[in-house]
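What follows is the residue order along each chain.
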Amino acid sequence: MIKVGFCDDELPMLDEISVLLDNYRVAKNQEIQYTAFQSPLDLLTGIERGLRFDILFLDVVMPGENGIEAAKEIREYDTDVKIIFLTSSAEFAVQSYAVGAYFYQMKPIWEESFFRLMDTALSECAKAKTDSLILRCKTGITRVPLTQLEYCEVIGRTLILHLTSGKVVECSGSLDDLGAQLAQFPNFLRPHRSYLVNMEYIQNITYREIAMACLAQVPIPHGKYTEIKNEFLEYAFRGKQVLL
């Protein structure tokens, strides 16, 4: 089930998006649940209470708080939702991408272009759900996209996942089980029995440690440097990264 939210202060626009989504749902045989909001305040209240969407259409120009400002607050709660801004002007285009906008849709919205946009967005949503971890944490069930997982460490029986946003997620489990789940993804490396790292975020490797993009230092066990270095270089070559 794909969850879509949309917010616009003009009722005719809310009706138009509802019709477009209904048409798309029927034409593509997609399970889509949508919720309309006429003010950013109502939308933010829902998100603060735990409401989450896969795709969110936001009008840019609204009274009280514009869509860009609302998006900044939304990003504090949800870094994954695909935000699509709706506007009649390109004036705020640069600002929209500063808050992680997925797309900037100009009004009026034609059905053909809307369908193409939804096709692309839903494809990205499906990929993100496939390339992610579902974890049972103290705060509830959490989805962690693998592109956001920088490294993981285990302390006792607690897995501590460090994300690229700086957020830390804790859950119970073993690093052996996590490593087995991630074995199909070539970018994850276990250099130490207590650590698992995403090689996309390795900045430097020395005989003693791996320096991550977040400046964390992951220790390298004695005698493992050559093996770890070679595995990283092989990954870099496969990814066609330039080595000098």
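Structure first, text after, so check above.
Residues numbered from 1 in each chain as written. Predicted model: local features only at pLDDT ≥ 70, side-chain atom pairs only at ≥ 80, totals over all residues. Heavy atoms only, no water.

Caption draft 1: Representation of the pattern of salt bridges. This structure, assessed with the given rule, holds seven salt bridges. With its nearest N and O atoms 2.5 Å apart, the salt bridge here joins Arg25 to Asp22. Residue Arg25 and its partner Asp22 are located together in helix α1 (residues 11-28), separated by three residues, close to a single helical turn. Among the residues examined, Asp22 registers a relative accessible area of 26% and is labelled partly exposed. Note that Glu227 is salt-bridged to Lys224, the shortest N-O span being 3.4 Å. (Salt bridge = Lys/Arg side-chain N within 4 Å of Asp/Glu carboxyl O. Helix = DSSP H or I, 4+ residues; strand = E, 2+ residues; numbered from the N terminus. Buried < 20%, exposed > 50% of the residue type's maximum accessible area, 1.4 Å probe, protein only.)

Caption draft 2: Quick peek at the sheet that holds strand β1 (residues 2-7). Read across the sheet, five strands follow the order β2-β1-β3-β4-β5 without closing on themselves; strand pairing throughout is parallel. Whereas interior strands pair on both sides, the edge strands pair on one side only; in this sheet they are β2 (32-37) and β5 (101-106). Neighbour-to-neighbour, the strand axes of this sheet turn through a mean angle of 20°, independent of strand direction. Inspection of the sheet shows β1 paired to strand β3 (residues 55-59) by four bridges, in the parallel sense. (Pairing = 2+ DSSP bridges. Axes fitted to C-alpha atoms, helices over the stretch in contact; angles between N-to-C directions.)

Caption draft 3: Layout of unusual backbone geometry. Of note, the amide linkage connecting Lys107 to Pro108 takes the cis form, showing an omega dihedral of -5°. Despite not being glycine, Asn29 has its phi angle at roughly 55°, a positive value. Classification of Asn29 by relative accessible area gives exposed; the value is 71%. Residue Leu215 is not a glycine yet carries a positive backbone phi of 80°.

Caption draft 4: Spotlight on helix α3 (residues 67-74). Every buried residue of α3 is accounted for by Gly67, Ile68, Ala70, Ala71 and Ile74. Viewed end-on, α3 has its buried residues packed into an arc of 160°, placing them on one side of the element. You can read the cap of α3 off the contacts: a side-chain oxygen lies 2.9 Å from the backbone nitrogen of Ile68, and it is on Asn66. (Arc of directions from axis to C-beta. Polar contact = N/O pair within 3.5 Å; in protein donor to acceptor, adjacent residues only side chain to side chain.)

Caption draft 5: Focus on helix α2 (residues 40-48). The complete set of buried residues in α2 reads Pro40, Leu43, Leu44, Gly46 and Ile47. For α2, the angular spread of buried residues about the axis comes to 160°, placing them on one side. Buried positions along α2 lie against β1, β2, β3 and α3. Phi turns positive, to about 110°, at Gly50, one or two residues after α2. (Contact = heavy atoms within 4.5 Å.)

Caption draft 6: Region of the structure containing the pairing of strand β8 (residues 149-155). Taken across its seven residues, β8 has six buried, putting it largely inside the fold. Note: β8 against strand β9 (residues 158-163), six bridges, orientation antiparallel. Bridged to Cys152 within β9 is Leu161. Between β8 and β9, which follow one another and run antiparallel, lie two residues, and Gly156 among them has a positive phi close to 65°.

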